[in-house]
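Residue strings, one per chain:
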Amino acid sequence: MSSVKTVSTKPFEGQKPGTSGLRKRVKVFSEPHYTENFVQAILSSIPSPGAKGSTLVVGGDGRYFSVPAIQSIIRLCAGNGVSKLIIGQNGIFSTPAVSHVIRSYKATGGILLTASHNPGGPNADFGIKYNMSNGGPAPESVTNQIFDVTKTISEYQIVEGDDVDLSKVGETSFGPLKIQVVDPVKDYVSYLGEIFDFGLIKSFLQSGKFTVRFDALHGVTGPYGRALFVEEFGLPESSIQNCTPSEDFGGGHPDPNLTYAKSLVDAVEKEGIDFGAASDGDGDRNMIIGKGAFVNPSDSVAIIADWAKKAIPYFAKGGVKGVARSMPTSGAVDRVAKKQGYECFEVPTGWKFFGNLMDAGRLSICGEESFGTGSDHIREKDGLWAVVAWLSILAAANKEKPGTSVNDVLQDFYKSYGRNFFSRYDYEEVDSKGANELMAQLEKKFADPSFKGSKLGQFEVAEADNFSYTDPIDGSVSKNQGLYIKFVDGSRIIFRLSGTGSAGATIRLYVEKYSNDASEFDADAQVGLKPLIDEALKLSQLKELTGRDKPTVIT
Ligand code: VG1
Ligand code: CO
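Residues numbered from 1 in each chain as written. Chains lettered and ligands numbered in written order. Predicted model: local features only at pLDDT ≥ 70, side-chain atom pairs only at ≥ 80, totals over all residues. Heavy atoms only, no water.

Digging into the overall build of the protein chain
Our working definition: In this description a helix means any DSSP run of H or I spanning at least four residues, a strand means any run of E spanning at least two, and both kinds are numbered starting from the N terminus. Restricting the calculation to C-alpha atoms gives the radius of gyration, and the globule rule supplies 2.2 Å times the number of residues raised to the power 0.38. Whether a residue is buried, partly exposed or exposed follows from its accessible area with a 1.4 Å probe, protein chains only, as a fraction of its type maximum: under 20%, in between, or over 50%, in that order. Any pair of residues with heavy atoms lying within 4.5 Å of one another is described as a contacting pair. A 1.4 Å probe and the Shrake-Rupley method give the accessible areas. Residues count as covered only by the protein chains that appear here. By the counting rule applied here, Lys and Arg register as positive and Asp and Glu as negative, while His and the ends of each chain are not counted. Every charge is mapped to an atom, namely NZ of Lys, CZ of Arg, CG of Asp or CD of Glu.
Tallying secondary structure elements over the protein chain gives 18 helices and 27 strands in all. For 555 residues, the compact-globule estimate of 2.2 N^0.38 gives 24 Å, and the C-alpha radius of gyration of the protein chain, at 23 Å, lies within 12% of that figure. Along the first, second and third principal axes, the C-alpha atoms of the protein chain reach 75 × 60 × 40 Å. Counting all 555 residues of the protein chain, 59% fall into the buried class. Long-range pairs, those at least 24 residues apart, make up 72% of the contacts in the protein chain between residues at least 6 apart in sequence. With an accessible surface of roughly 20900 Å², the protein chain has 49% of that area assigned to carbon and sulfur atoms. Of note, the protein chain has its 59 positive side-chain charges centred 2 Å away from the centre of its 67 negative side-chain charges.

What to know about the packing of helix H12 (residues 332-340) against helix H15 (residues 406-417)
Quick reminder of the rule: Fitted lines through C-alpha atoms serve as axes, helices being fitted only where they are in contact, and the angles separating the N-to-C directions of these axes extend from 0 to 180 degrees. Two helices cross in a left-handed way if the nearer one is turned anticlockwise from the farther one by less than a right angle. They cross in a right-handed way if the turn is clockwise. Three residue categories are used. Nonpolar comprises Ala, Val, Leu, Ile, Met, Phe, Trp, Tyr, Cys and Pro, charged comprises Asp, Glu, Lys and Arg, and polar comprises the others, including Gly.
Between H12 and H15, the shortest axis-to-axis distance is 11 Å and the interhelical angle comes to 60 degrees. Seen from above, H12 lies across H15 with left-handed handedness. The segment H12 lies against H15, with Ala 332, Arg 335, Val 336, Lys 339 and Gln 340 engaging Phe 413, Ser 416 and Tyr 417. Among the residues making up the contact of H12 with H15, the classes are represented as four nonpolar, two polar and two charged.

Details of the site of ligand 1
Condition: For each residue, the test is whether any non-hydrogen atom lies within 4 Å of the molecule or strand; if one does, the residue is near. A 3.5 Å cut-off defines polar contacts: any pair of N or O atoms within that distance qualifies, except that in protein one atom must be a possible hydrogen donor and the other a possible acceptor, and neighbouring residues in sequence count only when both atoms are side-chain atoms.
Thr 19, Ser 116, Gly 499, Thr 500 and Arg 508 are the nearest of the 19 residues found near ligand 1. One of the side-chain N or O atoms of Arg 508 is found 2.6 Å from an oxygen atom in ligand 1.

Focus on the pattern of salt bridges
Put simply, the rule is: Salt bridge, as applied in this entry: a Lys or Arg side-chain nitrogen positioned within 4 Å of an Asp or Glu carboxyl oxygen.
Considering all chains together, one arrives at 29 salt bridges under this definition. Put simply, Arg 25 and Asp 125 hold a salt bridge, and the shortest N to O gap is 2.8 Å. Note that Arg 25 is positioned in strand E2 (residues 22-25) and Asp 125 in strand E6 (residues 125-131), a separation of 100 residues in sequence. Across the pair Glu 429 and Arg 25 runs a salt bridge, and its minimum N-O distance is 3.7 Å. With Glu 429 in strand E19 (residues 419-430) and Arg 25 in strand E2, this residue pair connects regions lying 404 residues apart in the sequence. According to the relative accessible area criterion, Glu 429 is partly exposed, its value standing at 48%.

Examining the nonpolar core
For clarity, the cut-off: Throughout, nonpolar core names a set of buried Ala, Val, Leu, Ile, Met, Phe, Trp, Tyr and Cys residues whose side chains join them through atoms within 4.5 Å.
If you look at the biggest cluster of nonpolar residues, it comprises 80 residues, and the most contacted ones within it are Leu 192, Phe 196, Phe 229, Phe 275 and Trp 390. Here this core gets 13 residues from one element, more than from any other, and that element is helix H14 (residues 383-400). What Phe 275 contacts, discounting residues up to four positions off in sequence, is Phe 210, Thr 211, Val 212, Arg 213, Ile 288, Ile 289, Val 387, Trp 390, Leu 391, Leu 394 and Val 406. Leu 56, Ile 111, Tyr 130 and Val 164 belong to the second-largest nonpolar core, a separate cluster that totals 44 residues.

Comments concerning unusual backbone geometry
Here the bond from Ser 48 into Pro 49 is cis, since omega is 10 degrees, no more than 30 degrees from zero. Along the polypeptide, Pro 49 turns up in the loop between helix H2 (34-45) and strand E3 (55-60). A positive phi is found at Lys 106, a non-glycine position, where the angle reads about 50 degrees. A positive phi angle is found at Asn 480, which is not glycine, with a value near 55 degrees. Within the fold, Asn 480 resides in the loop between strand E23 (477-478) and strand E24 (483-487).

Structural notes on the pairing of strand E25 (residues 492-497)
Filter applied, for reference: Here, any two strands with at least 2 DSSP bridges between them count as paired.
Among the six residues that make up E25, five are buried, leaving the element largely enclosed by the rest of the structure. In this structure, E24 lies alongside E25, joined through four bridges in antiparallel fashion. Directly across from Lys 486, in E25, lies its bridge partner Arg 492. Inspection of the sheet shows E25 paired to strand E26 (residues 505-515) by six bridges, in the antiparallel sense. Across the sheet, the residue bridging to Phe 495 is Leu 509, located in E26.

Remarks on the sheet that holds strand E11 (residues 240-241)
The strand order across the open sheet built from five strands is E11-E10-E12-E13-E14, with neighbouring strands paired in mixed fashion. If you trace the sheet from one side to the other, it starts and ends with E11 and strand E14 (293-295), each paired once. The pairing of strand E12 (residues 275-279) with strand E13 (residues 286-290) spans five bridges and is classified as antiparallel. Residue Ser 279 lies in a different strand from E13, and its bridge partner there is Asn 286.

A word on the UniProt feature "domain: Alpha-D-phosphohexomutase alpha/beta/alpha" (unreviewed entry) in the protein chain
Stated formally: UniProt positions are given in the numbering used here, feature names are shortened, and annotations may be inferred rather than shown by experiment.
Here the UniProt feature "domain: Alpha-D-phosphohexomutase alpha/beta/alpha" (unreviewed entry) sits at residues 15-156, 187-289 and 299-415. Along residues 187-289, the helical share is 39% and the strand share 15%, with 28 Å between the first and last C-alpha atoms.

Overview of the state of the cysteines
Worth spelling out the cut-off: In what follows, a disulfide is any cysteine sulfur pair within 2.5 Å.
All told, the structure shown has zero disulfides when counted by the stated rule. The thiol of Cys 344 is unpaired, and the distance to the nearest cysteine sulfur, on Cys 366, comes to 11 Å. The exposure class assigned to Cys 344 is partly exposed, which follows from its relative accessible area of 32%. Judged by relative accessible area, which is 0%, Cys 366 ranks as buried.

Shown next, in the form of structure tokens:
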């Protein structure tokens, strides 16, 4: 079989990687040549010395269309002279596990098959993304190169042959291409065991006084969750739910938030569970809740940073080199940085912007408001890492003061730092024309010099702009990263268009307001933020331009 065959093709429009890879409907990816074109563009864009002779890690969240996509990737990699593929058994790998495997095997990079938190199945989404040798998502220089190739591609190279059996761990080959099928869970879970004190967490949880429930939302973290909670921590089956991965996530939306992880939220409240956690389809996001408590992701990263050296051996040993957040994420972590003397960075939305800072040794802990939290142990956000970080904090807090709940940890944090009230409104799949108009007219308003100093209700505008970021390490500039208004009292309003949707446009509205008045710490964020939200809706003419009077999801 090993002769290379050149297949003629024509470019497809719109193969532009977004915030995190290319995401489209399965129907689009399954058009003849569509997937092959994009994968060839990736292989042609791998930075020098390129695809020839490289070792790539391949796997994904197991969603519908993963298996045929992997078989095409194998043929294309053989055709492009890739020397070895490391593939998760049955094509399964969580996104953080791929990042870890790329790093620990010193691979050239990885191809991830996932559309993350987007629904799966024949009528839903598929996605492909490329990660670099540091284990992190390709930077814009590489994703732009990939997009350029897709615009002019006229042929791709394959080796023909039968499908490779990916069900057994071990070595095999496809023509000249070596293939190593690996257990996707083992290495990753044992790495978490090096970062955290599993012994302490286990004895804390086994006391039976503190109950937990982990929900994989039918995504890829099912087997990882079982390995951790049932096998490592010795907890009963009832400590996990929805932990059998399914190609369409059980028909659900594998996004860990209060809307889509409702069955976990209900279980925690009804059964009086002390700690609930969920992860998304590909395992890089997390949601943390407790009885009567929701940990806002912006607070989560701040609290982890605050406790890191006390509660997590990895940071007790290595220290905290710096912290960071995406621009829309609330400034809670900035307050921790200030108090603890850590350098603090604000980057655009998307995990790819954290990687350079980590590689340069200036960043240890970071997060996004979109339920993404992580550290420099890998180069992706890491859902289970965040869950175990929280269990570490709770174990440490309970050692100091038995009976400490998730809500107690939150309230103690607010007492020390004040509270950054934060909320995000998502308007999904709105008409692109209306969404673009909304952004354009806001940008125009911001450009008017009289906007600064003007008042929106009670709030006086201090600054308004389109966020632009200059990477402190390589000097690369990323423009148009979201429209923000900062008010004199420190509050913010932000509008962004999502870069992960597969149809229409998704408008995200973020609002933030700080309070250090202890009588407000318990308040419902929605009530306190209402005046800001009302101003944002009025200013943006959201209802007039999109026809929407309610968001799809409120966080
Ligand atoms: C969203 C989030 C962003 C996150 C990205 C990928 O992007 O806002 O913070 O990094 O998803 O997460 P956007 O462009 O739709 O706002 V995941 O779990 O899809 O890898
Ligand atoms: Co994800």
